Amino acid sequence: MRILFVTSEAAPLIKTGGLADVSGALPAALREIGIDCRLLIPGYPIVMQKLESSLQLVAQFDNLAGAGAEPIAARLMLAQMPGAGTPIYVLDAPLAYARSGGPYQDSNGIDYYDNAQRFALLGQVAARLAGADSPLDWHPDLLHCNDWQTGLAPAYLRLAGNAIPTVMTVHNLAYQGIFPPVMLGELNLPLKCFSVEGVEYYGNLSFLKAGLYYANHITTVSPTYAHEIQQAPLGMGMQGLLTSRNQDLSGILNGIDVNEWNPAADPHLECEFSARAPAGKKHCKQKLQEELGLQPNADAPLFGMIARMAHQKGLDLVLAVADGIIDRGGQIALLGTGEKSIEAAVRALVARHPGRVSALIGYNEGLSHRIEAGSDIFLMPSLFEPCGLNQMYSLRYGSVPIVHATGGLRDTVEDGVTGFVFEHPTPHALWLAVERALDLYALKPAWKKLMITGMNRDFSWQKSALAYQSLYQGLLAGQV
Ligand code: ADP
């Protein structure tokens, strides 16, 4: 079975969030069970640079619409992912992708003015590689698209009359790729598809809607989220379409990369520990306190949080309970970057509690591992969370998660068994969960039991890969 997996980010090449983790790990896990899965990704400068030694030219396009009013030329390169060795097609189109900022925004955090064209280009090439006129010898049996950036691929494929099955995975319905309808022509979309039965979304054009409408099957990254998005508010305007397609909608929980996230052999740590030999975690905590300038205190319950500083992640709730945590003798270590107003509020919290609260505003892969390893409790009160990865990393690293009962958080954390789950996203409900955690933390054997139970939970990709395999098989047999 040959699968072309199209994505706008993939770890360890380029990452802004969970999508990259999934794109790095799932194709590799699929290959391990005998599926020939290959990636397609834009050739951002960092990607070209990291893959440089293995890039091979495999095709050339000279008439692609997408990066502006004029057709542009692009090269398709083949390389291998570092580590896993997954074959990866890289779309080298400097006009679209050679930018000095991130994949979607410039260094000031402003969306690129031509994101519609940049990602239409990706969709167009994906459809070409999946269609009958592909320039490659390798022909996929199924096209697997991810998030709005790839949403036009199923539309292009269907509109061209080609018929391999397509899967659209929603990693976060809040990002919908919405652009003015005037772009239709430039994006090579016929006027007829600008309708409710097509790419139209409340008077605009939505890349995600295109994917949700034209793909043969829709998946999202947890069973609970698949259910939640069929209603307001989490359907975010797409609930009608998703409900009408609920026979074609399923939730498959993400896994985690258990090699990358392994407290027994983690190059980002100076200590090691495991469920069988958890003692080393104490050393990680001491090292983390040292690194972050927190008071050296083995008994202070240390709360960690790693998140994009976006409203979605529930930082407001954490800010509301932070003083209470400090009053009860706790410490807090935050890592994240994002909305300036949230960053400022976090800085103010640090200033109020020097030595008790530390925040690194920025992106730091190594520190994210050390926070998981060194903290006792992990805060993840997201207002909504399609799957969430950090709570699974936390479980594996013995940092007992406190989560809001939503999406993948509900599906992965068991209240009182592996963590603490609260039902309503209010400061009061979070505070009650924090108090329960602090009370149990004081009872060392009970705490250890909770922690070890979580550490022993299996979130490896294998289970998810098997679920995708059976979905693909069903679609290829025409049964899903
Ligand atoms: P989302 O995709 O909504 O951002 P997830 O929990 O699914 O949330 O995935 C986030 C991923 O990004 C995790 O691997 C997390 O550790 C990582 N991450 C987020 N912010 C940072 C940061 N500032 N530094 C390092 N890693 C981060």
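Residues numbered from 1 in each chain as written. Predicted model: local features only at pLDDT ≥ 70, side-chain atom pairs only at ≥ 80, totals over all residues. Heavy atoms only, no water.

(A) The arrangement of the sheet that holds strand β6 (residues 142–146) in detail. As summarised here, the arrangement of the 9 strands in space is β3-β4-β5-β2-β1-β6-β7-β11-β12, forming an open sheet in which the pairing is mixed. Strand pairing shows two members of the sheet lacking a second neighbour, β3 (56–64) and β12 (249–251), which therefore form its edges. Direction aside, the axes of adjacent strands within the sheet are offset by 25° on average. When strand β11 (residues 217–220) meets β12, the two strands line up parallel, connected through 3 bridges. Each bridged residue has a counterpart across the sheet, and for Ile-218 the counterpart in β12 is Leu-249. (Pairing = 2+ DSSP bridges. Helix = DSSP H or I, 4+ residues; strand = E, 2+ residues; numbered from the N terminus. Axes fitted to C-alpha atoms, helices over the stretch in contact; angles between N-to-C directions.)

(B) The site of the ligand, seen in detail. Near the ligand you find 18 residues, and of these Lys-15, Gly-18, Arg-308, Lys-313 and Gly-362 are the closest. Residue Lys-15 places a side-chain N or O atom 3.0 Å away from an oxygen atom belonging to the ligand. At a separation of 3.0 Å, a nitrogen atom of the ligand approaches a polar backbone atom of Asn-364. Considering the ligand on its own, with 560 Å² of exposed area, one finds that the protein chains cover 93% of that surface. Contributions of two or more residues to the shell around the ligand are made by α1 (18–32), β14 (331–336) and α13 (390–396). Each residue belonging to the shell around the ligand can be placed in one class, and the counts come to 6 nonpolar, 8 polar and 4 charged. Domain assignment of the residues forming the shell around the ligand places at least three in each of domain 1 (2–255 + 462–476) and domain 2 (280–458). (Near = heavy atom within 4 Å. Polar contact = N/O pair within 3.5 Å; in protein donor to acceptor, adjacent residues only side chain to side chain. Areas by Shrake-Rupley, 256 points an atom, 1.4 Å probe, with all protein chains shown as cover. Nonpolar A, V, L, I, M, F, W, Y, C, P; charged D, E, K, R; others polar. Domains from an automatic or database assignment.)

(C) Focus on the state of the cysteines. Tallied over the entire structure, the rule returns 1 disulfide. Linked covalently through their sulfurs, Cys-271 and Cys-284 form a disulfide whose S-S length is 1.7 Å. An S-S torsion of about 95° defines the bridge between Cys-271 and Cys-284 as right-handed. Remark: Cys-284 occurs in helix α9 (residues 280–292) and Cys-271 occurs in the loop between β12 and α9; sequence separation between them is 13 residues. Each member of the pair, Cys-271 as well as Cys-284, carries the same accessibility label: buried. Unpaired in terms of disulfides, Cys-145 finds its nearest cysteine sulfur in Cys-37, a separation of 12 Å. (Disulfide = S-S within 2.5 Å. Buried < 20%, exposed > 50% of the residue type's maximum accessible area, 1.4 Å probe, protein only.)

(D) Region of the structure containing helix α10 (residues 315–327). Spanning 13 residues, α10 covers 19 Å between terminal C-alpha atoms, matching the ideal 18 Å at 1.5 Å per step. Within α10, the axis deviates most sharply at Val-321, by approximately 40°. For α10, the full list of buried residues reads Leu-315, Leu-317, Val-318, Val-321, Ala-322, Gly-324, Ile-325 and Ile-326. Looking one or two residues beyond α10, the residue adopting positive phi is Gly-329, at roughly 90°. (Expected span 1.5 Å × (residues − 1). Bend = angle between axes of the 7 residues up to and from the residue.)

(E) Up close: the domain arrangement of the protein. Structurally, the protein comprises domain 1 (2–255 + 462–476) and domain 2 (280–458). Between the C-alpha centres of domain 1 and domain 2 there is a distance of 32 Å. For the pair domain 1 and domain 2, the two sides together bury roughly 1300 Å², of which 58% comes from carbon and sulfur. Considering only the side of domain 1, the residues that lose the most area to domain 2 are Lys-15, Thr-224 and Leu-253, jointly responsible for 28% of the buried surface there. Along the contact surface separating domain 1 from domain 2 lie 1 salt bridge. (Buried area = accessible area lost by both parts, 1.4 Å probe. Salt bridge = Lys/Arg side-chain N within 4 Å of Asp/Glu carboxyl O.)

(F) Structural view of the nonpolar core. Counting residues in each nonpolar core, the largest one holds 96 residues, and the members touching the most others are Leu-40, Leu-76, Leu-187 and Leu-212. Among the elements that make up this core, the one with the highest residue count is helix α4 (residues 115–130) (10 residues). Setting aside chain neighbours within four positions, we find Leu-76 in contact with Leu-40, Gln-56, Leu-57, Val-58, Ala-59, Phe-61, Tyr-89, Val-90, Leu-91, Val-125, Leu-129 and Leu-136. Formed by 66 residues, the second largest nonpolar core is a distinct cluster that contains Phe-303, Ile-306, Ile-342 and Phe-420. (Core = buried A, V, L, I, M, F, W, Y, C linked by side-chain atoms within 4.5 Å. Contact = heavy atoms within 4.5 Å.)

(G) Main features of the sheet that holds strand β8 (residues 178–179). Strands sit in the order β8-β10-β9 across an open sheet of 3 strands; the sheet is antiparallel. Strands with a single pairing partner mark the edges of an open sheet, and in this sheet they are β8 and β9 (200–201). Two elements, β9 and strand β10 (residues 204–206), share 2 bridges in a ladder whose sense is antiparallel. Paired with Tyr-201 across the bridge in β10 is Asn-204. Helix-sheet contacts for helix α6 (residues 207–214) involve β8, β9 and β10, and the interaxial angle to β10 is about 60°.

(H) Main features of the pairing of strand β5 (residues 87–92). Buried residues dominate β5, accounting for 6 of its 6 residues. Burial along β5 is two-sided: Pro-87, Tyr-89 and Leu-91 and Ile-88, Val-90 and Asp-92, pointing in opposite directions, are all buried. One ladder, built from 4 bridges, connects strand β2 (residues 36–42) with β5; its direction is parallel. Counted as the bridge partner of Leu-40 is Tyr-89 from β5. Where strand β4 (residues 72–80) lies against β5, 6 bridges are found, and the strand directions are antiparallel. In the sheet register, Met-77 faces β5, and the bridge partner there is Val-90.

(I) Representation of unusual backbone geometry within the structure. Of the consecutive residues Ala-11 and Pro-12, the connecting peptide bond is found in the cis state with omega at 5°. The backbone phi angle of Asp-147 is positive, close to 60°, even though this residue is not glycine. Asp-147 gets classed as buried once you look at its relative accessible area, which sits at 9%. Located in the positive-phi region is Met-236, a residue other than glycine, with phi close to 45°. Mapped onto the elements of the fold, Met-236 is located in the loop between α7 (223–228) and α8 (239–244).

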